[in-house]
Amino acid sequence: MVQLNLHTLQNDHWQVGILPDTGASIAFGRVHKDGAWINVLRPTPESDYGNSSNCSSFIMLPWCNRIKNGILRFHDQEYQLRTTQDDGTARHGDVRGRAWTIDESDATHIHMSLHSEDFPDMNWPFKFSATAIYELTGDLFIWTLALKNEDTRPMPAGFGHHPYFVRPADPLPQVQIDCKQQFELVDFMAVSAPIPVKPELDFQELRALDEMERNDLLTAQTNHEDDPCAHLNFPGSNVDVFMVVNRIFRHILLYAPQGKPFFAVELMTNASDGFNLYADSIPGSGVFVLQPGEEKTGHVALIFASED
């Protein structure tokens, strides 16, 4: 059995575990309250430290979510990507199972990098490099993700984070997501431009996350960039976590499988199957094109707050 490196970061407010060998995924995320560490991110069993799907969060890059049939269309070319067996799509990028290089680390931060050329089987037809940084600053747990085009050709791209949060049954968490539009999905993929959010998917006001099955893609954030895009309230532990992102993360996918003790608030630059929206000139894809040598960066901050 291969021993995986776990890097623990900790300050007075947060205790988090990072797994560089498992796609720079997060193993746990806990906040300190009333003398105890409380899980807010879904904790990963140690036996699953090598499985990014069962981690607290993983990185999606150089695309988010699904590409239908694994066919990437760009500049009148088609590229066949490897697909997953369960639904025949190319899903969640191809870095979450890769070992990232630790460039520097200390008690409250870790800086990691990855170069696609180091992996001959990388499931992407363009050369790229990426950087992932996690750091603790006071009550902030900050994630920085960067993607650079190392190819000689323009490259379509996207990236995101897939954090899972705990979902106690009683009382249920409450969720607020400041998005006024949604995508209509077919087989979990967007097929047209976004529309006004329907009442059953409207989380612009804080509301309980009910037991309904959810896999819904929201967009068009209404908040200012420096204000939270989402608010997660855990009544049982009297803990609040706010999420602040820069606007490159245009889309938020709310995933809550029925009967499971977790839910996800996924931060994505591109929509589900956004690369086909982009190829068909449909608005709202979120796909960006990097010129050779160009880099895009995204920032996420989880802010811990608690009521005394």
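See the structure printed just above.
Rules and cut-offs
- Residues numbered from 1 in each chain as written.
- Predicted model: local features only at pLDDT ≥ 70, side-chain atom pairs only at ≥ 80, totals over all residues.
- Heavy atoms only, no water.
- Helix = DSSP H or I, 4+ residues; strand = E, 2+ residues; numbered from the N terminus.
- Rg over C-alpha atoms; globule rule 2.2 N^0.38 Å.
- Buried < 20%, exposed > 50% of the residue type's maximum accessible area, 1.4 Å probe, protein only.
- Salt bridge = Lys/Arg side-chain N within 4 Å of Asp/Glu carboxyl O.
- Core = buried A, V, L, I, M, F, W, Y, C linked by side-chain atoms within 4.5 Å.
- Contact = heavy atoms within 4.5 Å.

1. Some remarks on the overall build of the chain
Looking only at helices and strands, one finds one helix and 28 strands in the chain. Relative to the 2.2 N^0.38 estimate, which gives 19 Å for 308 residues, the radius of gyration of the chain is 18 Å and therefore close to what a compact globule would have. Once the C-alpha set of the chain is aligned to its principal axes, its extents read approximately 60 × 45 × 35 Å. Classification of the 308 residues of the chain by burial places 53% in the buried group.

2. Remarks on the pattern of salt bridges
Taken as a whole, this structure holds 12 salt bridges when the rule is applied. Residue Asp 94 pairs with Arg 82 through a salt bridge whose shortest N-O separation is 3.9 Å. Of this pair, Asp 94 sits in the loop between β9 (90–91) and β10 (101–105) while Arg 82 sits in the loop between β8 (77–80) and β9; the two residues are 12 residues apart in sequence, bridging distant segments of the chain. According to the relative accessible area criterion, Arg 82 is partly exposed, its value standing at 46%. Taken together, the shared-partner salt bridges connect Arg 66, Asp 86, Asp 87 and Arg 91 into one network.

3. Regarding unusual backbone geometry
Note the cis peptide between Leu 61 and Pro 62, where omega equals 5°. In this structure, Pro 62 sits in the loop between β5 (57–60) and β6 (66–67). Following Asp 170, the chain continues into Pro 171 via a peptide bond in cis, with omega recorded as -5°. A positive phi angle is found at Asp 187, which is not glycine, with a value near 55°.

4. Some points on the nonpolar core
Counting residues in hydrophobic clusters, the biggest one holds 72 residues, and the most contacted among them are Trp 124, Tyr 134, Phe 141 and Phe 263. Aside from chain neighbours lying at most four places away, what touches Phe 141 is Trp 14, Val 16, Ile 26, Leu 41, Tyr 134, Glu 135, Leu 136, Val 300, Ala 301 and Leu 302.

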